[in-house]
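These are the residues of each chain, in order.
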Amino acid sequence: MRWFGFGFNAFAQICVQEKSDKEDSSSAAGEVKVNVPIELKNHVGISKIRASWSRRASLFLDEEKSVRLAGFCAFISNESFSPVMVDTRGCRDAIISETHLTLAFPDRIECWDLQSKKKVPSWSMEILTQSQNSDVNLPLVPGGYISSKTPIFHSLSSHLQAKSLALGGEHAILLTAAGAVYTWGQGSHGELGHGGLIPEEEPRTVEALWGMSMRSVAAGGWHSVCVGDGGDLYVWGWNGSGQLGLPSRGLRKASQQKSDPQSGELCSSVSACLGEERHEEVYISIQAFPALVDVSPSCEIRTVSCGSRHTAAVTTTGCLYTWGWGEYGQLGHQTTTSLDEPKCVEFFRNECLHVVDVVCGPWNTFTAAVKKEVLAT
Amino acid sequence: VTTEQRTTFISTMAFLWSKISATLPPNEEQFPLQFSEKVALSVVEMLKGARLQLYGETTRASRILNAQIILDYSWERLNTGTWRHVDKEWRRVYSYGCLFKAAALCRENPSEEEIRQAIRTCDMGLLMGAAIMGNILQVIVCILQSEIRKLAEEEDNHENNEAKKRKIASPHVGLIKEELAVPRIKCPSLEGFNANHLLPLKPVILEGIIDHWPALNKHPWSVEYLRSVAGCRTVPVEVGSRYTDEDWSQTLLTVNEFIDKYILNKVQVCENGYKAVGYLAQHQLFDQIPELKEDIRIPDYCCLGEGDDDDITVNAWFGPKGTVSPLHQDPQQNFLAQVVGSKYIRLYSPEDTEKLYPHESQLLHNTSQVEVENPDAERFPEFVKAPYLECVLQPGDVLFIPVKHWHYVRSLEVSFSVSFWWS
C-alpha cells in the first residue's frame, strides 16, 4: 500500500523541503501548499495515518507496532520533545490533536501532551482484561471516549453500543452497532443535524436518518458526514466553503470578486439563502438536516473523511473525490480553488492507482492506494 | 496619470512604508509575541517566523503567505464556539495576522488597490481581533487612510456632486396622532430631566441639546462627507428587511460599497422580486473611525447615570429609507440622537409586555413577535389594546428611551442616528 499526501505542508508534515527545489516554483515538493498528491517517503508498513494541523502521525502495525511523527517538533537547546521520547511500541491505535497524542495499547490508553517535556503521559487509563482483545477504535475507549481538551475522558452510556466516533471542531458524531447516528456539542452551524442551531449536551439521535443503517461517520470543523450501508453519502452543517458539496454562495462571491474569503458572507440563515444573481439558484450556507449528496454517477462510497472545511470520499471503484475549501491544495486538483461540487482527483486515475483509504487533517488530505494490477481480479 | 504623477506616487509609497515602519518596534527583539498556553506552540512558531520576515529579507509572496496562514488558523478559532466565549488570545493572534499582512502589502511600492486591501485587512483586525501593541492596527489604518484621501483629492467626483443635490424633502404631515405624541422639551436642566423623565422612566424628546455637535454644524454629516471620511473602511452591514426574518444576514462591505449598493441604489439588488434593504446597524463605528467620533459628543445627561464615560456604548445607525428595527427592548437607558434624515418611532411601556407577545426563545426574548405596522390580529389579539407613544424623530432631536422600554423604529428616508447606551 502506498500513501500520498496533499494540502498544507508548512511544517513539512507531507514532505520535506528540498533546498535545491526552492527556486523551482513548478515543483510541488517542499512547498507550503502541495496541490497535487505526493508520495510519502518511508511509507512502507504504514497502516494508518492521523493528522493534526501541524503534524502527521503514522501508525506502523506490522510486527513492531509503533507510531512515528512528522511535522512540527519544537526543539529547545537540541533536546527534542516528548514525541521522540514516548515509547510507542506495541501501540494499536493513535489519534493526534494540535496539543496531544493519544495512544491505545492493549492494556492501557495514554494521552501525551506534545507541548510538555514531561516523560510521563498527562493522562492515562488502564484497560480491564476483559476488554483487552476487543477492537480498539479511538477516540472510543471502554466506557466512553477521549478528547484532547480537559476533561480528557467522557463517559458514554453503554446502551448506545458505540461502534465509531468522530470528533469535529466542537461537536461529536457517533455511530452505533445498529447503524444509528447520534450527535451532540455545539450546533451553531447546523452540524448536529437536528434541524436547528442550538447545542446539545447529550447524544441525540439524528431522526432524519432513522430507519436507514449507516456504516461510517466523519466530522469536520463545522460539518458532519455519514455513509449509508448502500454507499449513499449524507451531509449536514456549514457549507460556507462548499464542504457539503451543495451550492455555496460564499464560493461564487469569492470567485467573482476575488476578495478575501474570510470577509465574505457571515450568514446566519437556517434554510437556503436566495441567490441574488440572474440564475435564481438556491445557495445553502447552513444545512441543518442531513442532505443526500450525489458524489459521482452511480458510485458507492466506501469511506469518507473530513478536514476543517473540506471533505474527501473514496468510492468502491477506487476513485477519490474531494470538495470544499481548497486554499492550501487540500483538494488535490493542482489548484488552490475551493469547490462546492465533488470532483475526482485525476492524479490517481492517471497513475493507475486504486484508492482504498482517505484520512484528512484539518488542512490536508492523505490517501492510501494500490496499483491497479495488484488488484487483478 | 502623467510621468510626474507616477514618480510622485512611487516616492510617496516609499515614504508610506517609512511611516508604517515608524509605528513598529525598531527591531525583532523588541517586538512582543506573548501568548497564554491556549495558543499552541506551532502557531507561536508561525508568528515568530512572520516577525522574522518583518525585519528580514524575503519575498513579498512569502510574507503574505505566512500572514495568511496565521489569519486562516485564528479565524477558524474565532468561529469555534460562541463569540462570547472565544478566547481573547485568538483574537490577538488574528490581529497579529492582520498586522503582518497589512505590513507585507504596503512594503514595496503598493498600488492604490493594495493600500485599500491593507485598509480592509486592518479593519478586519479591528472588527474581529483584539487590540495589540497599543492598538497598532488603528494607528496604521489612519496612516493608510490619509494616503487614500490624498490620492482621492486629485480625482474629480462629478457623480458625487449630483448626489449632493439630492435634498431631503418630506414634511411627514399626519404621520402621528397628537394625543399619542412623545412629549418634547427644549434643553431641560439636569435636575429637571432627572426628576421628570429619568427617575419616573418616561420617554421624552430633547430638543436643542445636540445643536453644538460638529455633525450638525461645522462638519454637517451627509452621504458625501461619510464617503470622504470613511469610504474605504470595512463595516458590518445587515441585509434583509428585519432581523427576525429568515433571509436576514450580515455581511462586510466598505462604506463606499454600502453607500453605492444600499443608499444610492446604483447596483440592482433584487431578492425574490423585492429590493433588499441594507442597514449599517448597531456598529461601534466611532471606535473604528476616530474622525467621526470628533463630530459628536456624549450627552451631558448621561452623567446622571452610575457608570463612567467608558461604560457608555455608542452605536451608529446608517441606512436608506425603509430600514426597520422590530419592536424590542434593551437592558440600558438610551439616548437616540438623530443627525441625518428622519425616523418613525413607537414606544410601549414594559408594563404592557404581555400584550406585546415576546418571542419565547432565549435568543429573541427581548423582541416582540408582532409586526407593529401590520399586526396579525388573530395571533396577537391583545396587541391593539396596548397603549403607546409615537413620534417622527428629526435631525437635532434626541429621544430618551428609558431602560426596558419597547421601541420600534422605521426610517422614513436616508437616515443616520447615533445611540448612547448608558446606565
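Residues numbered from 1 in each chain as written. Chains lettered and ligands numbered in written order. Predicted model: local features only at pLDDT ≥ 70, side-chain atom pairs only at ≥ 80, totals over all residues. Heavy atoms only, no water.

Going by an unreviewed UniProt entry, chain B carries the name JmjC domain-containing protein 5 and comes from Characodon lateralis. Here is the UniProt Subcellular location (unreviewed entry) comment for chain B, exactly as written: "Nucleus". Comment text from UniProt for chain B, heading Cofactor (unreviewed entry), reads "Fe(2+)". (UniProt positions renumbered as here; feature names shortened; annotations may be inferred.)

Looking at an unreviewed UniProt entry, one finds chain A named RCC1 domain containing 1, with Characodon lateralis as its source organism.

K.L.:
Where do I start with the sheet that holds strand E24 (residues 310–315) of chain A in this structure?
P.N.:
Within a beta sheet, neighbouring strands are joined by backbone hydrogen bonds and run either parallel or antiparallel to one another. Residue and element names in this part refer to chain A. Pairing is antiparallel across the open sheet formed by four strands, whose spatial order is E23-E24-E25-E26. The open sheet has two edge strands, strand E23 (301–306) and strand E26 (339–344), and neither has a second partner. Mean inter-strand twist for the sheet, computed between neighbouring axes without regard to direction, equals 15 degrees. When E24 meets strand E25 (residues 320–324), the two strands line up antiparallel, connected through five bridges. Within E25, the position partnered with Ala313 by the bridge is Tyr321. (Pairing = 2+ DSSP bridges. Helix = DSSP H or I, 4+ residues; strand = E, 2+ residues; numbered from the N terminus. Axes fitted to C-alpha atoms, helices over the stretch in contact; angles between N-to-C directions.)

K.L.:
Which parts of the structure should I look at to understand the pattern of salt bridges?
P.N.:
In a structure, side chains of opposite charge can pair up when their charged atoms sit close to one another. Summed over all chains, the structure comprises 28 salt bridges over all chains. For Arg204 of chain A, the salt bridge identified is with Glu200 of chain A, shortest N-O distance 2.7 Å. By relative accessible area, which is 17% here, Glu200 of chain A ends up buried. Two residues, Asp87 of chain B and Lys38 of chain B, come together in a salt bridge whose shortest N-O distance is 3.2 Å. Placement of Asp87 of chain B in the loop between helix H3 (60–78) and helix H4 (88–107) and of Lys38 of chain B in the loop between helix H1 (3–23) and helix H2 (41–55) is noted, with a sequence separation of 49 residues between them. The class of Asp87 of chain B is partly exposed, set by a relative accessible area of 23%. Via salt bridges that share partners, Lys48, Arg50 and Asp93 of chain A belong to a single interconnected network. (Salt bridge = Lys/Arg side-chain N within 4 Å of Asp/Glu carboxyl O. Buried < 20%, exposed > 50% of the residue type's maximum accessible area, 1.4 Å probe, protein only.)

K.L.:
Help me understand the state of the cysteines, please; the structure alone is not making it clear to me.
P.N.:
Every disulfide links exactly two cysteines, by a covalent bond between their sulfur atoms. A full pass over the atoms with the stated rule returns zero disulfides over all chains. With no disulfide partner, Cys226 of chain A has as its closest neighbouring cysteine sulfur the one in Cys306 of chain A, 10 Å distant. Cys226 of chain A gets classed as buried once you look at its relative accessible area, which sits at 0%. Summary of cysteine pairing: Cys98 of chain B is not part of a disulfide, and the nearest cysteine sulfur, belonging to Cys122 of chain B, is at 7.3 Å. (Disulfide = S-S within 2.5 Å.)

K.L.:
Would you mind going over a negative patch on the surface with me for this structure?
P.N.:
Together, Asp308, Asp309, Asp310 and Asp311 of chain B give the surface a local cluster of negative charge. Tracing the chain through its elements places Asp309 of chain B in the loop between helix H12 (290–293) and strand E8 (313–319). (Patch = residues over 30% accessible without salt bridge, like charges linked within 9 Å, V, L, I, M, F, W, Y side chains within 5 Å. Areas by Shrake-Rupley, 256 points an atom, 1.4 Å probe, with all protein chains shown as cover. Lys, Arg positive; Asp, Glu negative; His and termini not counted. Charge placed at Lys NZ, Arg CZ, Asp CG, Glu CD.)

K.L.:
What's the story with the environment of Lys177 of chain B in this structure? I'm lost.
P.N.:
Residue and element names in this part refer to chain B. With respect to the secondary-structure elements, Lys177 resides in the loop between helix H7 (158–165) and strand E1 (184–186). Given a relative accessible area of 41%, Lys177 falls into the partly exposed group. Along the backbone, Lys177 and Met133 are 44 residues apart, and their C-alpha atoms lie at a distance of 54 Å. If near-sequence neighbours (up to four positions away) are discounted, Lys177 is found in contact with Tyr388 and Glu390. (Contact = heavy atoms within 4.5 Å.)

K.L.:
What am I meant to see in the UniProt feature "repeat: RCC" (unreviewed entry) in chain A here?
P.N.:
Residue and element names in this part refer to chain A. If you check UniProt for "repeat: RCC" (unreviewed entry), the listed places come out as residues 179–230, 231–317 and 318–371 in our numbering. As annotated, residues 179–230 has a helix share of 0% and a strand share of 44%, and its two end C-alpha atoms lie 12 Å apart. Taken end to end, residues 318–371 has its terminal C-alpha atoms 10 Å apart, with 9% of it in helix and 50% in strand.

K.L.:
What is the right way to read the packing of H2 of chain B against H3 of chain B from this model?
P.N.:
Packed helix pairs are characterised by how far apart their axes lie and by the angle those axes make with each other. All names here are of chain B. Closest axis-to-axis distance for the H2/H3 pair is 10 Å, and the angle between their directions is 150 degrees. The angle between the axes of H2 and H3 places the two elements in the roughly antiparallel class. For the element pair H2 and H3, the recorded crossing hand is left-handed. Every residue of H3 that contacts H2 at Val43, Met46, Leu47, Ala50 and Gln53 is listed here: Ser62, Arg63, Asn66, Ile69, Ile70 and Tyr73. A class-by-class count of the residues in the contact of H2 with H3 yields seven nonpolar, three polar and one charged. (Parallel < 35°, antiparallel > 145°, perpendicular 65-115°, else oblique. Left-handed = near helix turned anticlockwise from the far one by under 90°. Nonpolar A, V, L, I, M, F, W, Y, C, P; charged D, E, K, R; others polar.)

K.L.:
What exactly am I supposed to notice about the packing of aromatic side chains here?
P.N.:
Aromatic ring pairs: the centre-centre distance and the angle between the two ring planes describe each pair. Overall, the coordinates contain 41 aromatic pairs over all chains when judged by the stated rule. On the numbers, 5.4 Å between centres and 80 degrees between planes, the contact of Trp325 of chain A with Trp363 of chain A is edge-to-face. Residue Trp325 of chain A is found in the loop between E25 and E26, and its partner Trp363 of chain A is found in the loop between strand E27 (353–360) and strand E28 (364–371); the two are separated by 38 residues along the sequence. Residue class for Trp363 of chain A comes out buried when judged on its relative accessible area of 1%. Pairing Phe31 of chain B with Tyr55 of chain B gives two aromatic rings, centres 6.1 Å apart and planes at 80 degrees, and the pair type is edge-to-face. Remark: Tyr55 of chain B occurs in helix H2 and Phe31 of chain B occurs in the loop between H1 and H2; sequence separation between them is 24 residues. (Phe/Tyr/Trp six-rings, centres within 6.5 Å; stacked < 30°, edge-to-face > 60°.)

K.L.:
Looking at this model, I keep getting lost on the sheet that holds strand E8 (residues 108–113) of chain A. Mind explaining?
P.N.:
All names here are of chain A. The sheet built from four strands is open, its strands ordered E6-E7-E8-E9 with antiparallel pairing. With partners counted over all chains shown, the strands left at the sheet margins are strand E6 (93–96) and strand E9 (123–126), one partner each. Recorded for the sheet is a direction-independent mean angle of 10 degrees between the axes of neighbouring strands.

K.L.:
Help me understand H4 of chain B in this model?
P.N.:
Helical periodicity: at 3.6 residues per turn, an α-helix aligns residues three or four positions apart in one direction. Residue and element names in this part refer to chain B. Between its terminal C-alpha atoms H4 stretches 29 Å, which fits the 28 Å expected from 20 residues at 1.5 Å a residue. Most of H4 is tucked away, with 18 of its 20 residues classed as buried. Positioned one or two residues after H4, Asn109 has a phi angle of 45 degrees, which is positive. (Expected span 1.5 Å × (residues − 1).)

K.L.:
Where do I start with the packing of helix H9 (residues 223–230) of chain B against helix H10 (residues 255–263) of chain B in this structure?
P.N.:
Residues and elements named next belong to chain B. At a minimum axis distance of 9 Å, the contact between H9 and H10 shows a crossing angle of 155 degrees. By the angle between their directions, the pair H9 and H10 is classed as roughly antiparallel. Contacts between H9 and H10 pair Val223, Leu226, Arg227 and Ala230 from the former with Val255, Asn256, Ile259, Asp260 and Ile263 from the latter. A class-by-class count of the residues in the contact of H9 with H10 yields six nonpolar, one polar and two charged.

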